[in-house]
Structures are given as C-alpha cells and as structure tokens.
Amino acid sequence: MKHLLRKRKRVCLAAAAVVILLLGNGIWPVKAYADYRYDVFGNAIPSQYSYVAEADYNGLQLGVGAFSSPTDLYVSKEGKIYIVDAGNDRIVVLNREYEADRGIDSFHMNGEAVSIKGVTGIFVHTDGLLYLADKTGGRILVSDEKGEIVRCITRPDSALLEESSTTTFLPRKVLVDSRDIIYMLSENSTQGAYMIDAGGSFLGFYGRNEVQLTFRRLYELTLRRFASEEQRSRMQNFIPVEFTNFDIDDEGFIYTVTAYSDSPANDEMVKKLNPLGNNIYTGQWMTWGDMPEVTGSKTTYNTSYTDIAVDEDGFAFALDSYSGRIFWFDNVGCQQAIFGGSGAYLGAFTSPVAIDLLDGNVLVLDGVKNNLTVFEPTYFGGLIKEAYLLLNDGFYGESRELFEEIVRMDSNYDWAYAGLGRACYEEGDWEMAKIYFEKSGISTEYYSEVKGEMRNRNMKEHFTAIFFGVILVCFVIIVGGKLLAAYLAERKKHVGGREVES
C-alpha cells in the first residue's frame, strides 16, 4: 500500500513539474482544447466555449456507403445538405435531420456518362440547379436533381481574356447571385473571380486581392529600376494572392478568404465585397488569422483559409485548413471566437475542406477522415450573437443585459465591453459608455465621440451660467477699469496740485 502511495506521489510530482516547466517556458496549450481569441495586444487568451462538436457522420452511419475524398458541401435554402463525394463519383444529399435523403450516383450529358471526380466545388441555385466546378475538366457543369447536365460552361471567348497564366480557366469554386451571374474562382488565377452572365458571356473579373506594399517590396521595386535585364529575371515578381474560396449572403455581398498573408493582424485575409468589388470590412482591431510564431530569425504563418460560410445575419465562419480551426467573425468583421482544432477526436480535423451552416449549427467536411462534423452553439455563443443582433436592431437595453451576462461569464471579453459601451452610448449614458469603452481598449473611435458628446452636453447644461458669468466678468472688467482710471486721474490731479503749491 505504501509502495502504491509513493508511486502515485511520484507521478503527481512529475505531472506538476511538467506543468511548471510548460508555464515557465511560456507554452500554454489552450488552443488545441478550448476556444480562444486575441486581445488588443495580439495575445491569445482562453475563452468560454462558443461552439461545441455534438456529432459527426460518415457514409456508413448514414447508410450510403463510405465517403471517399469528399471535396465540398453546400446547404440549400431548404436545409438540404449536398456533399460532393468525388472519390465515389457522386453527390450525397442529406436532410436537415442529418439523414440520407438521396444520392445522385450518375451524371449524363447528351446521353453520355459524365464523371465528377474532378469536381471541387458545388453551389445549389434557388431554381434547384446544381453548379459544379470541375477543375480537372476545365468547365462548370450545370445539372438538375436527377444528374442530367443541362449546361456546360467552358472558357468564354472574349478579348478581355488573354492567353496567360493569370487567366487560366480551371474552376475550383462557383456561386451564382440573384441575377443569375456566375462567379467562378480558377486555379492559379490572381485576377479575382470570373463573372459570366446567363448567356455565357464573360463580364470581367471581380474583386481581386492587392499586393501589400512592405518595406522589403518597396526596396526591391526601387532596386529593380537600376538592375539589368538578367538581374530582373532573377528577382521575385510581386503578384496578388488568389482567393481560395467565397460565399454570398442574401443581400448579394460576397465574402472571400485567402490562404496566405504576411500579416494576419492587418491584412485582408477575410473580405466582404460590395457589388463594386471593394472590401467593406474596414476598422481597427481586426485580426484575420492566428498570429505568426517567431523563432529566432524565422517567422511561421499558421493560418491557411480554405473556405468561408456566412449566415443570414452576416456572421461569418472561416475554416483554417492548417490548424483545423474555425474563426468566427461578427457582422462587421470583428473576430469573436476561435474553436476546433487538429486531431482524431470529435471536433478536430485532419484535412478540413469545406464549411457551411444549417439552423445555427456549423458543419465541417473532412476530406481525409471522410466525415461531416456538426458544431452547435453553446449558451455563451448564443448570448454573443443575440446581444449583437439586439444592439444592431436598436434594442439597447435588452442588448445591455446580455452583454453584462457575457462579461460575468468571461471578464476578459473585450468586445462585450465595447458592446456595452455602444449600448450606453445610444441610450445617452455617457459616463458608463466612457467607462466601458476604456475597459474594452478597442473602441477608440467611440471613446473619442463619447468625450466629445460629454463636452457638448456640459456646455448645454451650463450654458446660461457660463453666458451670464462671462457677461458679469466683462461688466466687472469694464466698470472696474473705468473706476480705476478715474481714481488714477483724480490722484494724479491731486498730487500735481500739491506740487504746484509747494
């Protein structure tokens, strides 16, 4: 018995030593096991769970046979889940209860069988047609629910498309807007998304990324002006990074993700594009991915977005294929939480390839584990979304109560303090708004407005007193000045008279 106690004690001491060693070296493994987010200084801090994995489904559980290298998924407006099971040359359709509805096992065009093994993207239009991005075939296949190909879109004939590596037509992802305009992302194309109208005509490119100007690039561009042709040929070309995926919301805004960025804290790895292709995610304290890890002179960038999904309220979920994490952004692009991870357990991934949303749940497809994982919002995650929706709809008192509950559950939640500040600001409670904005540390613009409003209010409240006070001071100065002048003149006269007598 004593031997067992001594052994248990040694194990406990060893475990404690490991924990102390980890903490002493600054290693804090919260990212893999819990939600986290970044504070205003770029530090990852633990957070309450916002979404948790409730279940995962593979083909055997669904009764449709094992999946093989699935490449994409799409959730229709009716709540049907479409999975591109490319390795099995089929589309599997699930209902909103995650039960097998049917499978499209074969595709035909003009009486001939068509393979979808090269399909990497799917979009289901409101008319029920399936748009399949076939990268291997260099085409977009438009199919009905029975697998009959009703249209095949290949590279358009247009003078706008030059024969160059930047205008390849290798469709990876596709979506269609309410005007039946097709947006397509092509492999190795840095010009943005192709825009093709219902008649198959090429309309132009939409929204491409811009090259971020850094000190190094500015130096090399200056050096290039004085280099020879041979030296220029050996220099690196600066070209935009291509989009990896996109999604469209009910209002027609297109959300894009990019796999790589030199600066995930400041760059535009996640964008919300208006009809002109301009990014409207602008503001302070927007962190788009994991902060880079610096080891000596080496910097490692750990975020590689592969897909994005947006819900009916404008909340976006970006999927990181590098770490298996999901980055949750609110409807103005501010990072609210990070969840998921890499591994073999429930809620972790080996090779996540696609993400979509259904009834408030987050669905993630893994191309190696060959399964679909369903995340459900926790009470804490539901509070966050409901608080923002109430705030945006003008229910400031109700949103304030929810933000206060969030702060009670997580006192480090900067955005909750910012939300409280906004609610108090809209209600005219300037003192409390100022306090909450100071606590958040991220609402400098609102903080400045609050101070300005407080100055204006103080001026209005004390205007009468200030006005009459100024008049009184002026009266005293004028009258006092005249009396003083008269006194000095009389004194001078009196003194002068005495001088004359003597």
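Please read all numbers here as calculations on a predicted model, not as lab measurements.

### As for the nonpolar core
1) Next: Residues I91, I122 and L132 are the most contacted members of the largest nonpolar core, which totals 44 residues.
2) Next: With residues near it in sequence (within four places) discarded, I91 still touches Y82, I83, V84, R102, G103, I104, F107, I116, I122 and L132.
3) Next: Formed by 42 residues, the second largest nonpolar core is a distinct cluster that contains V362, Y388, A418 and Y436.

### Observations concerning empty space enclosed by the protein
1) Next: Scanning the model with the defined rule gives three cavities of 30 Å³ or more in all.
2) Next: Of the voids in this model, the largest cavity is the one considered here, and its volume is about 160 Å³.
3) Next: The wall of the largest cavity is formed by 16 residues, among which Y74, I122, N245, F246 and D307 lie closest to the centre.
4) Next: Only β4 (72-75), β10 (119-124), β14 (171-176), β18 (243-248), β23 (305-310) and β27 (352-358) provide two or more residues apiece to the lining of the largest cavity.
5) Next: If you add up the space inside the second largest cavity, you get close to 60 Å³.
6) Next: Grouping the constituent residues of the lining of the second largest cavity by class yields three nonpolar, six polar and three charged.

### Quick notes on the pattern of salt bridges
1) Next: Enumeration according to the criterion identifies 20 salt bridges in this entry.
2) Next: Notably, a salt bridge pairs R172 with E242, separated by 3.6 Å at the nearest N-O pair. With R172 in strand β14 and E242 in the loop between α4 (229-234) and β18, the pair connects residues that are 70 residues apart, well separated along the chain.
3) Next: According to the relative accessible area criterion, R172 is buried, its value standing at 11%.
4) Next: Residue E242 is classed as partly exposed on the basis of its relative accessible area of 22%.
5) Next: The partner of D177 in a salt bridge is R179, with the nearest N and O atoms 2.9 Å apart.
6) Next: D177 gets classed as buried once you look at its relative accessible area, which sits at 7%.

### Quick notes on the sheet that holds strand β7 (residues 100-104)
Strand pairing in a sheet relies on backbone hydrogen bonds. The paired strands run either parallel or antiparallel.
1) Next: With antiparallel pairing, the four strands of this open sheet are ordered in space as β4-β5-β6-β7. Because the sheet does not close on itself, it has two edges, and the strands there are β4 and β7. The mean angle between the axes of side-by-side strands here comes to 20°, regardless of whether they run parallel or antiparallel.
2) Next: Bridge analysis of β4 against strand β5 (residues 81-85) gives four bridges, and the strand direction is antiparallel. Counterpart to V75 in the pairing with β5 is I81.

### Thoughts on the packing of aromatic side chains
1) Next: According to the stated counting rule, one finds 19 aromatic pairs in the structure shown.
2) Next: Relative to W328, the ring of F315 has its centre 6.2 Å away and its plane inclined at 40°; by these criteria the two rings are tilted. Of this pair, F315 sits in the loop between β23 and β24 (316-320) while W328 sits in strand β25 (residues 325-329); the two residues are 13 residues apart in sequence, bridging distant segments of the chain.
3) Next: On the accessibility criterion, F315 (0% relative accessible area) is buried.
4) Next: What makes W328 buried here is its relative accessible area of 0%.
5) Next: On the basis of an interplanar angle of 5° and a centroid distance of 5.8 Å, the ring pair of F317 and W328 is categorised as stacked. Residue F317 is found in strand β24, and its partner W328 is found in strand β25; the two are separated by 11 residues along the sequence.
6) Next: Through a chain of ring-to-ring contacts, three or more aromatic side chains come together here, namely Y51, F315, F317, W328, F339, F349 and F375.
7) Next: Sitting above the plane of the F253 ring, K272 keeps its charged end 4.8 Å from the centroid.

### Examining the side chain of R90
1) Next: Locating R90 in the fold gives a position in strand β6 (residues 90-94).
2) Next: Looking at R90, its side chain comes within polar contact range of the main-chain oxygen of G65, at 3.3 Å.
3) Next: Of note is the side chain of R90, whose polar atom sits 2.7 Å from the side chain of D85.
4) Next: Setting aside residues no more than four positions away along its own chain, R90 makes contact with V64, G65, A66, F67, I83, V84, D85, I104, D105 and I116.

### Considerations on the layout of surface pockets
1) Next: As a volume, the largest pocket reaches approximately 1,000 Å³.
2) Next: Lining the largest pocket we find 45 residues, and of these Y74, K77, I248, D250 and V310 sit closest to its centre.
3) Next: Elements supplying a minimum of two residues to the lining of the largest pocket: β4, β10, β18, β27 and α5 (379-392).
4) Next: Among the residues making up the lining of the largest pocket, the classes are represented as 18 nonpolar, 11 polar and 16 charged.

Rules used throughout
- Residues numbered from 1 in each chain as written.
- Predicted model: local features only at pLDDT ≥ 70, side-chain atom pairs only at ≥ 80, totals over all residues.
- Heavy atoms only, no water.
- Core = buried A, V, L, I, M, F, W, Y, C linked by side-chain atoms within 4.5 Å.
- Buried < 20%, exposed > 50% of the residue type's maximum accessible area, 1.4 Å probe, protein only.
- Contact = heavy atoms within 4.5 Å.
- 1 Å grid on protein atoms, 1.4 Å probe; cavity = no way out; pocket = protein on both sides within 12 Å on 5 of 7 lines; lining within 4 Å.
- Points joined across faces, edges and corners; volume = space filled by probe spheres on them.
- Helix = DSSP H or I, 4+ residues; strand = E, 2+ residues; numbered from the N terminus.
- Nonpolar A, V, L, I, M, F, W, Y, C, P; charged D, E, K, R; others polar.
- Salt bridge = Lys/Arg side-chain N within 4 Å of Asp/Glu carboxyl O.
- Pairing = 2+ DSSP bridges.
- Axes fitted to C-alpha atoms, helices over the stretch in contact; angles between N-to-C directions.
- Phe/Tyr/Trp six-rings, centres within 6.5 Å; stacked < 30°, edge-to-face > 60°.
- Lys NZ or Arg CZ within 6 Å of the ring centre and 35° of its normal.
- Polar contact = N/O pair within 3.5 Å; in protein donor to acceptor, adjacent residues only side chain to side chain.

As far as function goes, none of this settles anything; it's purely spatial.
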